[in-house]
Amino acid sequence: MNLPRRSLPLVPRRAAQAVAALGAAALLLTGCGSDSGSDKKDSKGASAGEASGTRTVKDATGRTVKVPAHPKRIVTLTQEDLDAVLALGIEPVGITNGQGLDKPPAYLADKVKDVDVVGNLLQPVMDKVVAAKPDLILAGDMQDEQVLKQLREITPATLVTMAPTDEWKLSFRGIGNAVNKLDKANKVIADHESAAKAAGAKLGANKGAEVSIVRWNPDGPSWMEKKQFASGVALEMGLKRPKTQNKDGNAHTPSLSLEKIDQIDGDWLFLSTLTSDGEKALKDVQSKPAYKELGAVKKKHVVTVNGSVWSTRGGPLASGVVLKDITKALSKS
């Protein structure tokens, strides 16, 4: 399967927009107003735009978009968009498969078993999107202008929800605003932060441990940078990253050679894969001396986790999975 190349920030393809994109998703939080540009409230407290059924927001590229005041038929094109709307109590009418998968992500599967799949990650089948009759399309970090043009012909209420440098909370708040549930989004985030802090305080001997977060690719391992999603959850728990991995950024390194495998070591090593080729490569290396000499391996502190959760951009429900995985592993010793 050819995977969409989205694990690394795609800044080179959007160099002209890089500076604007850095804070563009924040505009999504503040860009709401009435359809007519007036914020005048009616007797029920709704703006003129909301009373007429629309609101105006800005997406993660800064584009102004009219959206339904209360969208009823949402199509999500990424795992992160799906995670977000489910966390807000909304069931979409169309979704795409998870990252690296030919089916919805396992951690969300029970919640979307009756929802139509309209394509693969960021690769919608237009006829299927049309059949879903969306009144709002959440297009993730879609950068293909031809695809976006087609989606906007289906419904002008098509939002790019992530810029290359956005972290999950910013995107989630933007989606919350777009579906008129920003207050709920803020509560979800606050609850997560409280849970992460509380869980980290109960780790006993592993409190403040250094955790290595690695995805094994067919050509070797990549460690996740400090601001990447799963790393952010670990840091919220009061954990640390190994010195070699304590680098700013929200992506991952290029695949490392066996000679540099020591870079993935830590007090604890969380390992994931996304493809069968990656799984085979990991299995092959586990019999080699270089792998066996890692400190985490010697201490039996290696934990296998779900790559479609741990190595993505993340969302509130995925953050709960990561929090649970770390707590379960580090509470045992």
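Residues numbered from 1 in each chain as written. Predicted model: local features only at pLDDT ≥ 70, side-chain atom pairs only at ≥ 80, totals over all residues. Heavy atoms only, no water.

## Quick word on the confidence of the model for the protein
Put simply, the rule reads: Every residue carries a pLDDT, the predictor's confidence in it, which falls somewhere between 0 and 100. Should any heavy atoms of two residues lie within 4.5 Å, those residues are counted as being in contact.
Here the protein shows a mean pLDDT of 87. Residues at 70 or above account for 84%. Counted against residues more than four places away or in other chains, residues 1-5, with its pLDDT under 50, gives seven contacts. Scored below 50 in pLDDT, residues 7-27 makes 37 contacts in the model with residues more than four places away or belonging to other chains.

## What to know about the pairing of strand S11 (residues 220-223)
Stated formally: Two strands pair if DSSP finds at least two bridges between them. For the purposes of this entry, the term helix denotes a DSSP run of H or I that reaches at least four residues, the term strand denotes a run of E that reaches at least two, and both are numbered from the N terminus.
For strand S10 (residues 211-217) and S11, the ladder comprises four bridges, and the chain directions are antiparallel. For Asn217, the partnering residue across the bridge sits in S11 and is Gly220. The hairpin turn running from S10 into S11, its antiparallel successor, is two residues long.

## A short note on unusual backbone geometry
The condition is simple: Accessible area is worked out with a 1.4 Å probe on protein chains only. A residue is then buried under 20% of its type maximum, exposed over 50%, and partly exposed in between.
Even without a glycine there, the phi angle at Leu122 is positive, about 55°. Tracing the backbone through its elements, the reader meets Leu122 in the loop between strand S6 (119-120) and strand S7 (123-124). Given the relative accessible area of 16%, Leu122 is considered buried.

## Quick notes on helix H6 (residues 145-154)
The following threshold applies: Throughout, the arc means that of the directions going from the helix axis to the C-beta atoms. Polar contacts, as counted here, are pairs of nitrogen or oxygen atoms within 3.5 Å of one another; within protein the pair requires one atom able to donate a hydrogen and one able to accept it, and residues that are adjacent in sequence qualify only if both atoms are side-chain atoms.
Along H6, the positions that sit buried rather than exposed are Val147, Leu148, Leu151 and Arg152. For H6, the buried positions fall inside an angular range of 135° around the axis, keeping them on one side. In this structure, H6 carries Gln146, Lys149 and Glu153 as exposed residues pointing more than 90 degrees from its buried face. Considering only its buried residues, H6 is in contact with S7, helix H5 (126-132), strand S8 (136-138) and strand S9 (158-159). A side-chain oxygen of the first residue of H6 lies 3.0 Å from the backbone nitrogen of Gln146; this N-cap is Asp144.

## Observations regarding the pattern of salt bridges
Stated formally: Each salt bridge in this description consists of a side-chain nitrogen of Lys or Arg and a carboxyl oxygen of Asp or Glu lying within 4 Å of one another.
Scanning all chains against the criterion turns up eight salt bridges. Lys169 is the salt-bridge partner of Glu236, the closest N and O atoms lying 2.3 Å from each other. With Glu236 in helix H9 (residues 229-236) and Lys169 in helix H7 (residues 168-178), this residue pair connects regions lying 67 residues apart in the sequence. Among the salt bridges present, the one from Asp191 reaches Lys187, with a minimum N-O distance of 2.8 Å. Residue Asp191 and its partner Lys187 are both found in helix H8 (residues 182-201); the two are separated by four residues, about one turn of the helix.

## A short note on the environment of Ile154
In this structure, Ile154 sits in helix H6. For Ile154, a relative accessible area of 25% translates into the label partly exposed. Note: C-alpha distance between Ile154 and Val129 (25 residues apart in sequence) is 7.9 Å. Apart from the residues within four sequence positions on either side, Ile154 is in contact with Met126, Val129, Val130 and Pro134.

## What to know about the nonpolar core
Our working definition: Buried Ala, Val, Leu, Ile, Met, Phe, Trp, Tyr and Cys residues that are joined via side-chain atoms within 4.5 Å together make up what is termed a nonpolar core.
Counting 53 residues, the largest nonpolar core has Phe172, Leu239, Phe270, Trp310, Ile326 and Leu330 as its most contacted members. The dominant element in this core, judged by the number of residues it contributes, is helix H14 (residues 316-330), at six residues. Residues within four places of Phe172 in sequence aside, it is in contact with Ala84, Ala87, Leu88, Ala185, Val188, Ile189 and Pro316. Membership of the second largest hydrophobic core comes to 18 residues, among which are Val118, Ile137, Leu148 and Ala163.

## Structural notes on the sheet that holds strand S13 (residues 302-304)
Paired through their backbone hydrogen bonds, the strands of a sheet run either parallel or antiparallel. Note the cut-off: Helix axes are fitted to C-alpha atoms over the stretch in contact, other axes to C-alpha atoms as well, and angles between N-to-C directions run from 0 to 180 degrees.
Spatially, S11-S10-S12-S13 is the arrangement adopted by the four strands of the open sheet, whose pairing is mixed. Taken across any chain shown, the strands that pair with only one partner, and hence form the sheet edges, are S11 and S13. If you compare each strand with its neighbour and ignore which way they point, the axes differ by 30° on average. Relative to strand S12 (residues 268-272), S10 runs parallel, the two sharing five bridges. Note on S12: the bridge partner recorded for Val211 is Trp268. Against the sheet, H14 engages S10, S12 and S13, with an angle of about 135° to S12.

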